[in-house]
Amino acid sequence: MKKKISMANLIITIFLAIISLFALFPFYQTLMLSFSTVTDVSSGKLFLLPANFEWSSYTFLFLDGKVTRGLIISVIVTLTGTAVSLIVTTAGAYALSKKTLPGRNLIFNGIIFTMFFSGGLIPYFLTLQKLHLQNNMLVMILPLAVNTFYLILMKNFFNTISPSLEESAKIDGANDITILVRIIVPVSMPIIATMILFYAVDRWNEWWIPTLFIDDTKLYPLQLVLRNALTNLSQVIGNAAGSQLAAGTLNIYGDSVRSAMIVISAVPIILVYPFIQKYFAKGIMIGSIKG
């Protein structure tokens, strides 16, 4: 029986490993393509490794400083926005998880209402404009501070925590803020780590709000910089190739630059996942199933 179980586990492991390789190969191919030249592709040499690793596509993207500036803006917005969202969502979810909250059902139903209905794009734009958030980095942080779905996930997680923890703390004289910070948050790391990942990915990938409200190119986040570069890629490469600097030092072509854009935009947020992966599955399952 043990041999059969071991063989079954081996087959399952091999099958999952093969599926993982198929899933990871496009990412690997994109990474290799970003280091390749037009010669590698046209000659058919690019499969697992390019003939010669070329950094020209990355050099080209960072040449004028726009990508570097966009990267800094995105890091600031992601770190600040995730912190703000986590604080507001945690406080709101904790309050809504309390059955003693006056008007709890009315407040919760009003929050859910926002998931299905909104005022529309024009009222939204005019409201933020009246709040002087146009051409302001805060427009990428404050209007997106709370995601209703994430709030519900966290509320459901808090509902699973034993009330005896809070009762014992109140007997010792702790108030609600102390209970939240010193008791609830430490035992809620799975859902908190999940929220960090969700909000960080949302902030990092955000480009629509900056497109609407940011006119100053110095405030463009990375995604908007890369989107604009991708839209005008042929013209930009043509202009660069015609300059004395590019003609003498850079060997670039469209697909390589596009792949480099994908790598630059994806790798920083991918590096965050391993640090919170152990909490992720537990947090999302408890927050979504129990309530």
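Structure first, text after, so check above.
Worth saying up front: this structure is predicted, and the values here are computed from it rather than measured.

Caption draft 1: Seen up close, the overall build of the protein. Counting its regular elements, the protein contains 16 helices and zero strands. Of all 291 residues assigned to the protein, the portion counted as buried reaches 35%. Counting contacts in the protein only where the partners sit at least 6 residues apart, residues at least 24 apart contribute 75% of the total. Carbon and sulfur atoms make up 68% of the accessible area of the protein, which amounts to about 17,400 Å² in all.

Caption draft 2: Quick peek at the packing of aromatic side chains. Inspection of every chain in the model, using the stated rule, returns 12 aromatic pairs. Geometrically, the ring pair formed by W55 and Y58 is tilted, given 5.9 Å between the ring centres and 55° between the ring planes. Here the aromatic rings of Y124 and F213 are separated by 6.1 Å at their centres, their planes lie at 75°, and the arrangement is edge-to-face. Residue Y124 is found in helix α6 (residues 121–130), and its partner F213 is found in helix α11 (residues 208–213); the two are separated by 89 residues along the sequence. Classification of Y124 as partly exposed rests on a relative accessible area of 29%. Among the residues examined, F213 registers a relative accessible area of 0% and is labelled buried. Above the face of the F108 ring, K155 is positioned so that its terminal group lies 4.8 Å from the ring centre.

Calculation criteria
Residues numbered from 1 in each chain as written. Predicted model: local features only at pLDDT ≥ 70, side-chain atom pairs only at ≥ 80, totals over all residues. Heavy atoms only, no water. Helix = DSSP H or I, 4+ residues; strand = E, 2+ residues; numbered from the N terminus. Buried < 20%, exposed > 50% of the residue type's maximum accessible area, 1.4 Å probe, protein only. Contact = heavy atoms within 4.5 Å. Areas by Shrake-Rupley, 256 points an atom, 1.4 Å probe, with all protein chains shown as cover. Phe/Tyr/Trp six-rings, centres within 6.5 Å; stacked < 30°, edge-to-face > 60°. Lys NZ or Arg CZ within 6 Å of the ring centre and 35° of its normal.

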